[in-house]
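Observations on the model geometry
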Amino acid sequence: MIKTILVPATGSKGDGAVFVAALAVARRFEAHLDVLHVRADATAMAVAMTTDAGGPPTLGGLIDRLDADAAEREEAARREFDAFCMRERLAVAEAPPEISGPSARWVREVGLEPYWITEYGRVADLIVAGRPEDGEGLASDTLEAALLDSGRPLLIPPPALMSALPESVVIAWKPKREAARAIAAAMPFLVAAKEVVVLTADESAEDAGEEETRLPASLRWHGIAASARHLPADGRSAADRLMAAAGEHNALLVMGGYGHSRLREWMFGGFTRHVLEAAAVPVLIAH
C-alpha cells in the first residue's frame, strides 16, 4: 500500500516534472506527498570548503554568498510547490484530510541533503526523485543514500513528462535478493497494472534457465496475470535489451539496485547506473 510519498524539492528547473510524476502516483493510490527541501548550512559548507583548500579557514564573505544561494534555491523550490498545488488544486494538509484524494505538505530542513532525505524516506512508502542533470537536482550521493539507507523503493521518472502512471509494468528479473525486494516494493503497482511482463535477459549466449517461469506463477496467486518474455543475447548489453523491451511496452520498469562495495560515490554497478542514466521509461528500483 502506498499512502505517503517523499518528494525532494531542490529549487532546480527539474522540480516541476518530479512533482508531476509524484502526483501521478499519488492520484493512483490516493496518497499524500511530503515535499521536502533541504537548505544547505552555509556556515558548515564554508568551513568545509576553506578547510579542504588547505590552511586556516578564511571565511570572509563566503558564508554570506553561500547563504544567499541557499535562500534563492529555497525560495525557488517553495514557489514551485505553491504554484503546483494551486495549479493542480491539490489539498495542502498536515494530517490526513477527511475527504479522499491526494494531498501535500511543504517540509523544510537545514543541513546535509543525504541525511534528511534518508530520515524522511524511512517513514515514507515511496521516494520519487529526479535524475541529476547538468549539475542540477539531487546529487548522486543523495540518490545513493535514499536507496541504500532508507530501506524504501525509489521511483525515477522518465526524461519526458509523466502525468500518468503507465498501465504496463515490466520486471527486470534475475534470481537475486535485490530483485526479490524490488518485486515486494512494487506490488501495489503490479496489482494496479493492466499488463505485467517478467523480462529475463541472458548475459551471454550460453545463459539459459527456467527462472523466468517461476515468478509469473507466483504472481498469479496475487491475482496478477503476468506473462514471461525471454531476451536472448544478441550483442547488446542486458541493460540495453531490458530498456528497449520496457520501451516497447511503454511500461514502468521494476528492477533491483545492484552494486559493489559501499563507496561514498556513485556506487551502483554498471548495469544499474546505465539504466538510471539512459532509461526512457520510469524506473522503480529497490536495493
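A brief structural summary. Everything quoted here is computed from the prediction, not taken from an experiment.

For alanine 217, the position within the fold is in helix H7 (residues 211-220). In sequence terms alanine 217 and serine 227 are ten residues apart; their C-alpha atoms lie 9.0 Å from each other.

In space, the eleven strands of this open sheet follow the order E3-E4-E2-E1-E5-E6-E11-E10-E7-E8-E9, with mixed pairing throughout. Strands with a single pairing partner mark the edges of an open sheet, and in this sheet they are strand E3 (91-92) and strand E9 (227-231). Bridge analysis of strand E1 (residues 4-8) against strand E2 (residues 32-39) gives five bridges, and the strand direction is parallel. Bridge pairing links isoleucine 5 to leucine 33 in E2. Each of strand E5 (126-128), strand E7 (168-172), strand E8 (195-201), strand E10 (252-256) and strand E11 (283-286) is contacted by helix H6 (residues 177-192), which is oriented at about 150 degrees to E10, the strand it contacts most.

Moving on to the packing of aromatic side chains. Given two aromatic rings, their pairing is described by the distance between the two centres and the angle made by the two planes. With the rule as written, the count across this model stands at five aromatic pairs. Aromatic side chains tyrosine 115 and tryptophan 116 sit 4.9 Å apart centroid to centroid with 80 degrees between the ring planes, which places their arrangement in the edge-to-face category. Among the aromatic residues, ring-to-ring pairing joins Tyr115, Trp116 and Tyr120 into one connected group.

This paragraph deals with the packing of helix H1 (residues 15-29) against helix H3 (residues 62-87). In a packed pair of helices, the relevant descriptors are the angle between the two axes and the axis-to-axis distance. Contact geometry for H1 and H3: axes closest at 10 Å, N-to-C directions at 40 degrees. Here H1 is positioned oblique relative to H3, judged by the angle of their axes. Here the hand of the crossing between H1 and H3 comes out right-handed. Counting all contacts with H1, which are made through Asp15, Gly16, Phe19, Val20 and Leu23, the residues of H3 involved are Ala77, Glu80, Phe81 and Phe84.

Turning next to the pairing of E1. By the criterion of burial, E1 is predominantly enclosed, with four of the five residues buried. Handedness of the crossover is the feature at issue here: the chain leaves E1, passes through H1, returns alongside E2, and the resulting connection is right-handed. Bridge count between E1 and E5: two bridges; the pairing is parallel. Looking at E5, one finds that leucine 6 is bridged to isoleucine 127.

On to unusual backbone geometry, then. For arginine 89, which is not glycine, the phi torsion reads 50 degrees and is therefore positive. Among the secondary structure elements, arginine 89 is positioned in the loop between H3 and E3. The backbone phi angle of asparagine 250 is positive, close to 50 degrees, even though this residue is not glycine. Structurally, asparagine 250 is set in the loop between helix H8 (238-249) and E10.

Note on soluble globular proteins: their nonpolar side chains tend to be buried together. Judged by nonpolar contacts, the single largest core of 50 residues is most densely connected at Ile5, Leu33, Leu126, Ile171, Phe189, Leu190 and Leu219. At ten residues, H1 tops the list of elements feeding residues into this core. Among the nonpolar cores identified, the runner-up in size contains 34 residues, and Val38, Ile127, Ala129 and Leu242 belong to it.

Burial of E10 is extensive: five of the five residues sit out of reach of the surface. Both E10 and E11 contribute to a ladder of four bridges, which runs parallel. Its bridge partner being in E11, leucine 253 is matched across the sheet by valine 283.

Moving on to the pattern of salt bridges. As enumerated under the stated definition, the model contains 15 salt bridges in all. Arginine 105 is paired through a salt bridge with glutamate 94; the nearest N and O atoms lie 3.5 Å apart. You can see arginine 105 sitting in strand E4 (residues 103-110) and its partner glutamate 94 sitting in the loop between E3 and E4, a full eleven residues away along the chain. On the accessibility criterion, glutamate 94 (62% relative accessible area) is exposed. Its salt-bridge partner being arginine 229, residue glutamate 248 comes within 3.0 Å of it at the nearest N-O pair. Of this pair, glutamate 248 sits in helix H8 while arginine 229 sits in strand E9; the two residues are 19 residues apart in sequence, bridging distant segments of the chain. Judged by relative accessible area, which is 56%, glutamate 248 ranks as exposed. Connected through salt bridges with shared partners, the residues Arg39, Asp67, Glu74 and Arg108 form a single ionic network.

Rules used throughout
Counting of residues starts from 1 at the beginning of each chain's written sequence and follows it residue by residue. Selection of residues for local features in this predicted model requires a pLDDT of at least 70, selection of side-chain atom pairs for listing and counting requires 80 or more, and totals for whole chains, interfaces and linings are taken over all residues. To get the side-chain values, take all heavy atoms of the structure and skip hydrogens and water. Put simply, DSSP H or I for four residues or longer makes a helix, DSSP E for two residues or longer makes a strand, and each gets a number counted from the N terminus. For two strands to pair, DSSP has to find at least two bridges joining them. Contacts between residues were defined by any pair of non-hydrogen atoms, one from each residue, lying within 4.5 Å. Every axis corresponds to a line fitted to the C-alpha atoms, with the helix fit spanning only the stretch in contact, and the corresponding angles, defined between N-to-C directions, vary from 0 to 180 degrees. Pairing of aromatic rings covers Phe, Tyr and Trp, the last through its six-membered ring, and needs centres within 6.5 Å; plane angles under 30 degrees mean stacked, over 60 mean edge-to-face, and all others mean tilted. An angle below 35 degrees is treated as roughly parallel, one above 145 as roughly antiparallel, one from 65 to 115 as roughly perpendicular, and anything else as oblique. Left-handed describes a crossing in which the near helix is turned anticlockwise from the far one by less than a right angle; the clockwise case is right-handed. Residue exposure (1.4 Å probe, protein chains only): buried if accessible area is under 20% of the type maximum, exposed if over 50%, otherwise partly exposed. When the strands point away from the viewer and the path from the first strand over the helix to the second turns clockwise, the crossover is right-handed. Only buried residues count toward a nonpolar core, which is a set of Ala, Val, Leu, Ile, Met, Phe, Trp, Tyr and Cys residues joined through side-chain atoms within 4.5 Å. We define a salt bridge as a contact between a side-chain nitrogen of Lys or Arg and a carboxyl oxygen of Asp or Glu at a distance within 4 Å.

Remember that the coordinates give geometry; whether it matters functionally is a separate question.
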